[in-house]
Amino acid sequence: MTVEKQREVIRLWNELRKLEGPAAEELRIQILECFSPKGKAKRAA
């Protein structure tokens, strides 16, 4: 991932942190799973 992409992900994450509710929480969980080592292994399988 390029530095530019990393900055965009961080910017979007910070915007998402301002939101509340079950949909926002579900999005945060899915994003965290994508970046966790366990999530990467699950996607590769």
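A. Local environment of the packing of helix α1 (residues 3-17) against helix α2 (residues 22-35). Close contact between α1 and α2 brings their axes to 10 Å; oriented N to C, the two are set at 150 degrees. It follows from the interaxial angle that α1 and α2 lie roughly antiparallel. The handedness of the crossing between α1 and α2 comes out as left-handed. Facing α1, whose interface residues are V9, W13, L16 and R17, α2 presents A24, L27, R28, I31, L32 and F35. Its residues assigned to classes, the contact of α1 with α2 shows eight nonpolar, no polar and two charged.

B. Broad picture of a nonpolar patch on the surface. On the surface, a nonpolar cluster with roughly 300 Å² of combined accessible area is contributed by M1, V9 and F35. Considering the arrangement of structural elements, one finds F35 in helix α2. Judged by relative accessible area, which is 45%, F35 ranks as partly exposed.

The rules behind these values
- Residues numbered from 1 in each chain as written.
- Predicted model: local features only at pLDDT ≥ 70, side-chain atom pairs only at ≥ 80, totals over all residues.
- Heavy atoms only, no water.
- Axes fitted to C-alpha atoms, helices over the stretch in contact; angles between N-to-C directions.
- Helix = DSSP H or I, 4+ residues; strand = E, 2+ residues; numbered from the N terminus.
- Parallel < 35°, antiparallel > 145°, perpendicular 65-115°, else oblique.
- Left-handed = near helix turned anticlockwise from the far one by under 90°.
- Contact = heavy atoms within 4.5 Å.
- Nonpolar A, V, L, I, M, F, W, Y, C, P; charged D, E, K, R; others polar.
- Patch = residues over 30% accessible without salt bridge, like charges linked within 9 Å, V, L, I, M, F, W, Y side chains within 5 Å.
- Areas by Shrake-Rupley, 256 points an atom, 1.4 Å probe, with all protein chains shown as cover.
- Salt bridge = Lys/Arg side-chain N within 4 Å of Asp/Glu carboxyl O.
- Buried < 20%, exposed > 50% of the residue type's maximum accessible area, 1.4 Å probe, protein only.

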